[in-house]
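Spelled out, the chains give:
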Amino acid sequence: MGASVLFTKKQLKDLANAASFQRGVGYYDEGSVKNVVRRGNEFQGKVQGSSRYKVKLAVDGGNLHFECSCPYDYGGICKHAVALGLAVLEGDYQTEAIEVDYAEEATLVSDPSTEALFEAFFPKVDEATKMAFLRTLLAKDAYLRAQFLHFVQYQDEQPGEATPGAVGPVSGAAQPDGVSIEAVRKDVHGRLSALDFDDLDYDEYEQEYDHYAEGWEVEADIAKEMIGEVFEKPAERALGHARRGNLPDGFRVILGMYEAAATVTEPAADDHGIFEGLDYQETVLEQFAEVLVGWLDEAEKVVRPEAAVKQLYDLLLERYQHHEDRHRREVPEPQRVYELKHFEPFFFRMLTGPEVARHLLHLFTTHRLVDVDTVLVVLRIAELTNDETLWLKTAAGFVDSQPTIARQLLEKYRAKDRMDDFYRLAEKMMQDRAHEFDQYLLETVPPGANRALHVAALVNFTRRTHSVPHYRELRNYLTKEQRNVFIANESRGYNFLFYVQLLTVEERFADILQFVRKIKADHVGDFEKLIEPIADVYPQECFDIVVVKCDRELQAQGRGRQHYQNIARLLKILLPVKSLREEVKVYALHLYNSKPILPALRDEMKKVGLM
């Protein structure tokens, strides 16, 4: 499989400290990265370290976002993230096939001209014709008939004058089935807690792996399948309610499943340590998230009266408040149950219009739930209700919670020509989250508008990306002393090449020579690129350094082709230097004829034109 071009190895190095990067390289070389799967621009795999860790990578516009289940919380990304990134760079992953939903593809796409014709023509059609069409449509589908009954029920419950010809409350089929959230919670929680992962049924599951996966991977995936099977029947029950248009009862089942998932702590048995290093509850909640999305997909296909959607929001917030009251009241306190962030897809996808949006905002406000878990939903509510004041106030209040909010708020300020607010926020972002905003501000703030902010962004971006072209631009704004300080700071970093490139721009060749002499005994990758800028300036000194490096490569313990490639690259750099050409050829011939003869070394020298 071909290597990924979504990002570069240099980007990966920039995100990790030197120790984490080197250890990540070791993990990848040892084959510790397993089962990497690509879904679009997202990658997920497992890395075997002191425990088995789940690692995720999302590539968004050239930016890399890693998640790892390990406890690492120091500078930069962890070694497991580095290992996964290297696997992706090398193309060591499988691309998950995207299933085509042919039913969805066959759905009639809304055409503006057709919509306009419908709006103009529909009022002119007589009621008898409309009723005949409705009867024909309902006669074709039992689920539509059930949805119709529920729709009528909600219409009858609305306050105001009765609709002419209304039949009154509909009994029977349209009434909720009285699903008990507590009963669902108790059933699902009991089965999740009773799962026994010591007695796995390999005969049922292992055939999918064709015996290529390691034992611990098979165990983890079987465990996940077992958790999914616990959710299977209640999920189908919830889907059945949704298909009939009975969204409240379907959602009650969903809430019962969530409460079970959010309160389960551990399975009955896990002597294999399948969840060692992983949180059992986290895995269960991941399975629930898939169930919720599947239910939402079904719910969006049915007719959804606004009253029904409001009832769903009421249900969720009632359960939230119920558990919060219990949390505050009982001693000792039970664990918190609801995290509304888990329901973010539900909030967004059920926002059918301004009236529903205003109702949800009222609930959030009443329960004091405008916080980091709901802020994105509130911003969407503000958009649906065209409430610019609400949007600006909310975004300004939570600008520190997510970079996307700050970015949108900056754009709003620019669009409204509120440049004082824009620069105030931009300066704050450069202080607090420079790595996330330096490029954006470089592109939006010209030096003539705010020189200090532009230069601050340029300094951070240059340092973060190790971009030589940006340094060439930056040096126009810095004094010589400031440039020397910038370069001195880079000398203490891990990117030796960038440091040498900066010295080259400043034509500080003597400093480059001093530096390469200092590190010639170290194991430094791409060493030949460090001496290349001074090969013509200090030819003999560079030749002496190269000979020392080549001798060390030949004496390296367990040397292999990589060492011979290093020798060939070093000599190739010096070959174009006229004063060294003969000396390099003589030394290369000496290596070529060395005893014992090294065929791999000969081969590498031939490849670069030394022989």
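Residues numbered from 1 in each chain as written. Predicted model: local features only at pLDDT ≥ 70, side-chain atom pairs only at ≥ 80, totals over all residues. Heavy atoms only, no water.

A. Geometry of the overall build of the protein. Within the protein, the secondary structure is distributed over 30 helices and five strands. For the protein, the proportion of contacts with a sequence separation of at least 24, taken over those separated by at least 6, is 64%. Entry remark: accessible area of the protein is about 33400 Å², with carbon and sulfur atoms responsible for 50%. (Helix = DSSP H or I, 4+ residues; strand = E, 2+ residues; numbered from the N terminus. Contact = heavy atoms within 4.5 Å. Areas by Shrake-Rupley, 256 points an atom, 1.4 Å probe, with all protein chains shown as cover.)

B. Here's a closer look at the side chain of His323. Along the polypeptide, His323 turns up in helix α13 (residues 306-329). Apart from the residues within four sequence positions on either side, His323 is in contact with Glu259, Val337 and Tyr338.

C. Representation of the confidence of the model for the protein. On average, the protein scores 84 in pLDDT, and the residues at 70 or more come to 85%. Residue range residues 97-110 is modelled with pLDDT below 50. Its contacts to residues more than four positions away, or to other chains, number two contacts. Predicted confidence for residues 159-176 stays below pLDDT 50, and this span has 18 contacts to residues more than four positions away or in other chains. (pLDDT = per-residue confidence, 0-100.)

D. Spatial organisation of the sheet that holds strand β5 (residues 94-95). Here we have five strands laid out as an open sheet, ordered β4-β3-β2-β1-β5, and mixed in their pairing. Each having just a single partner strand, β4 (63-68) and β5 make up the two edges of the open sheet. (Pairing = 2+ DSSP bridges.)

E. Representation of the packing of aromatic side chains in the model. In the structure shown here, the tally under the stated rule is 22 aromatic pairs. Judged by centre distance (5.7 Å) and plane angle (50°), the rings of Phe346 and Phe347 are tilted. Among the residues examined, Phe346 registers a relative accessible area of 0% and is labelled buried. Look at Phe347 and you get buried, because its relative accessible area is 0%. Between Phe496 and Phe515, the ring centres sit 5.4 Å apart and the planes meet at 75°, which makes this aromatic pair edge-to-face. Here Phe496, found in helix α24 (residues 496-505), pairs with Phe515, found in helix α25 (residues 509-519); they are 19 residues apart in sequence, far enough to count as distant. Owing to a relative accessible area of 9%, Phe515 belongs among the buried residues under this scheme. Clustering of aromatic rings is evident, with ring pairs tying together Phe251, Tyr258, Phe288, Trp295, Tyr313, Tyr338, Phe343, Phe346, Phe347 and Phe364. (Phe/Tyr/Trp six-rings, centres within 6.5 Å; stacked < 30°, edge-to-face > 60°. Buried < 20%, exposed > 50% of the residue type's maximum accessible area, 1.4 Å probe, protein only.)

F. Structural detail: the side chain of Asp438. Here Asp438 lies in helix α20 (residues 434-444). Residue classification places Asp438 among the buried positions, given a relative accessible area of 0%. Only 3.4 Å separates the side chain of Asp438 from the backbone nitrogen of Phe461, close enough to count as a polar contact. Apart from residues lying up to four places away in sequence, Asp438 is in contact with Met430, Ala457, Asn460, Phe461 and Arg464. (Polar contact = N/O pair within 3.5 Å; in protein donor to acceptor, adjacent residues only side chain to side chain.)

G. Broad picture of unusual backbone geometry. For the peptide bond that leads from Lys595 to Pro596, omega is -5°, which places it in the cis range. Residue placement: Pro596 occurs in the loop between α29 (581-592) and α30 (599-607). Although it is not a glycine, Asn35 sits at a positive phi angle of roughly 50°. Looking at where Asn35 falls in the secondary structure, it is placed in strand β1 (residues 33-39). Overall, Asn35 belongs to the partly exposed group, its relative accessible area being 36%. Even without glycine at this site, Glu507 takes up a positive phi of about 60°. Its place among the elements puts Glu507 in the loop between α24 and α25.

H. Representation of the pattern of salt bridges within the structure. A full pass over the atoms with the stated rule returns 36 salt bridges. Here Glu344 ties to Lys341 by a salt bridge, and the two come within 2.8 Å at their closest N and O atoms. Where Glu383 meets Arg380, a salt bridge forms, and the shortest distance between an N and an O atom there is 3.3 Å. Placement of both Glu383 and Arg380 in helix α16 (residues 375-384) is noted, with a separation of three residues, approximately one turn of the helix. Since its relative accessible area comes to 33%, Arg380 is described here as partly exposed. One continuous salt-bridge network, built from bridges that share partners, spans Glu182, Arg185, Glu259 and Arg319. (Salt bridge = Lys/Arg side-chain N within 4 Å of Asp/Glu carboxyl O.)

I. Layout of helix α21 (residues 451-465). Along its 15 residues, α21 runs 21 Å from first to last C-alpha, staying within 8% of the 21 Å computed at 1.5 Å per residue. The set of residues buried in α21 consists of Leu453, His454, Val455, Ala457, Leu458, Val459, Asn460, Phe461, Thr462 and Thr465. Buried-residue contacts for α21 involve α1 (9-15), α19 (419-432), α20, α22 (468-474), α23 (480-491) and α24. (Expected span 1.5 Å × (residues − 1).)

J. Structural detail: a negative patch on the surface. A contiguous patch of negative charge on the surface is contributed by Glu42, Glu67, Asp279 and Glu282. Its place among the elements puts Asp279 in the loop between α11 (247-263) and α12 (280-299). (Patch = residues over 30% accessible without salt bridge, like charges linked within 9 Å, V, L, I, M, F, W, Y side chains within 5 Å. Lys, Arg positive; Asp, Glu negative; His and termini not counted. Charge placed at Lys NZ, Arg CZ, Asp CG, Glu CD.)

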